[in-house]
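# Inside the fold
The primary structure of each chain is shown beneath.
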Amino acid sequence: EWVNFVDFYDRIIDRFEMAKDQNVSFKRQLPTHAIFVEIDEDKMTQVLYNIISNALKYSPEGGLVTFSIKEEEDKIIVSVSDQGVGIPKENISKIFDRFYRVDKARTRKLGGTGLGLAIAKEMVNVHGGMIWAVSEEGKGTEISFSLPYEQTEEDEWS
Ligand code: ATP
Ligand code: MG
């Protein structure tokens, strides 16, 4: 169905902000105008849920999680970045694989099966988008995905 992705994202962030029990701050960098994209809301909720859960799970006390949407000509880029432990360069290409977890010792206490990002990738691909990670060990991680977007004349005029 067609949804205003800015509102949709904002509402999902709200839910996490209300439910969080950690000392982590949220920052939103969202457009002030509507962006309509055609998505499966359940699948897209799952994508965002999996990415945001990781950002919180791997965030330190007092960390900042930043949520953004950037508009490009034919797509939007949705990002979640954290100030957490980060992911070593040599592992970054594998985090979207099923059951892959970077460091068993590190992540054992945090739980999880290693499926979250594999599912997110599958769902993003179903929507015709791509997903990727930029990360620096000890500094943080940014997970981004694209969604194809056809700017309508209505959007351009508003
Ligand atoms: P699940 O999501 O199934 O509960 P999980 O979180 O371990 O388990 P994924 O979400 O698929 O699995 O993530 C795969 C691995 O990538 C994680 O185990 C972790 O090592 C690494 N990772 C993912 N997101 C982050 C992040 N924001 N910061 C640091 N490492 C991350
Ligand atoms: Mg996960």
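Residues numbered from 1 in each chain as written. Chains lettered and ligands numbered in written order. Predicted model: local features only at pLDDT ≥ 70, side-chain atom pairs only at ≥ 80, totals over all residues.

## Some words on the overall build of the protein chain
The helix and strand inventory of the protein chain stands at 5 helices and 7 strands. Helices and strands in the protein chain line up, N terminus first, as β-α-β-β-α-β-β-α-α-β-β-α. Relative to a compact globule of 158 residues, whose C-alpha radius of gyration would be 15 Å, the protein chain shows 16 Å and is just as compact. When its C-alpha atoms are laid out on the principal axes, the protein chain stretches across 50 × 30 × 25 Å. Considering the protein chain as a whole, with its 158 residues, one finds that 26% of them fall into the buried category. (Helix = DSSP H or I, 4+ residues; strand = E, 2+ residues; numbered from the N terminus. Rg over C-alpha atoms; globule rule 2.2 N^0.38 Å. Buried ≥ 20, exposed ≤ 12 C-beta atoms within 10 Å, placed from the backbone.)

## Here we look at the confidence of the model for the protein chain
Across the protein chain, pLDDT averages 92, with 91% of residues at or above 70. Among the scores for the predicted complex, ipTM is 0.98 and pTM is 0.93. (pLDDT = per-residue confidence, 0-100.)

## A look at the site of ligand 1
For ligand 1, the set of nearby residues contains 22 residues, the closest of which are Asn 54, Arg 101, Val 102, Gly 112 and Gly 116. Secondary-structure elements contributing two or more residues to the shell around ligand 1 are helix 2 (41-57) and helix 4 (116-126). Taken together, the residues of the shell around ligand 1 break down into 10 nonpolar, 10 polar and 2 charged. (Near = placed C-beta within 6 Å. Nonpolar A, V, L, I, M, F, W, Y, C, P; charged D, E, K, R; others polar.)

## Here's the deal with the nonpolar core
Ranked by size, the top nonpolar core spans 29 residues in total, and within it Val 37, Val 47, Ile 51, Ile 76 and Val 80 carry the most contacts. Every element with two or more residues in this core is listed here: helix 1 (5-19), helix 2, strand 4 (64-71), strand 5 (75-82), helix 4 and strand 7 (140-148). Sorting elements by how many residues they give to this core places helix 2 first, with 6 residues. (Core = buried A, V, L, I, M, F, W, Y, C linked by C-beta atoms within 7 Å.)

## Some thoughts on the pairing of strand 7
For a regular strand, side-chain orientation follows a simple rule: the groups alternate between the two sheet faces. Bridging between strand 5 and strand 7 involves 8 bridges; their strand directions are antiparallel. By the bridge assignment for strand 7, Ile 76 is matched with Leu 147. The pairing of strand 6 (residues 131-136) with strand 7 spans 6 bridges and is classified as antiparallel. Note on strand 7: the bridge partner recorded for Trp 132 is Ser 144. Where strand 6 hands over to strand 7, the hairpin turn is made up of 3 residues, of which Gly 138 adopts a positive phi near 80°. (Pairing = 2+ DSSP bridges.)

## Examining unusual backbone geometry
Positive phi outside glycine occurs at Phe 99, with the angle close to 65°. As for its placement among the helices and strands, Phe 99 is situated in the loop between strand 5 and helix 3 (104-108).

## Here we look at the sheet that holds strand 6
The strand order across the open sheet built from 5 strands is 2-4-5-7-6, with neighbouring strands paired in mixed fashion. For this open sheet the edge positions go to strand 2 (25-29) and strand 6, each flanked by a neighbour on one side alone. Shown here is a sheet whose adjacent strand axes are inclined to one another by a mean of 15°, direction ignored. Relative to strand 4, strand 2 runs parallel, the two being bridged by 5 bridges. Bridge pairing in strand 4 links Phe 26 to Val 65. Running over the sheet, helix 2 touches strand 4, strand 5 and strand 7 and is turned about 25° from strand 5. (Axes fitted to C-alpha atoms, helices over the stretch in contact; angles between N-to-C directions. Contact = placed C-beta atoms within 7 Å.)

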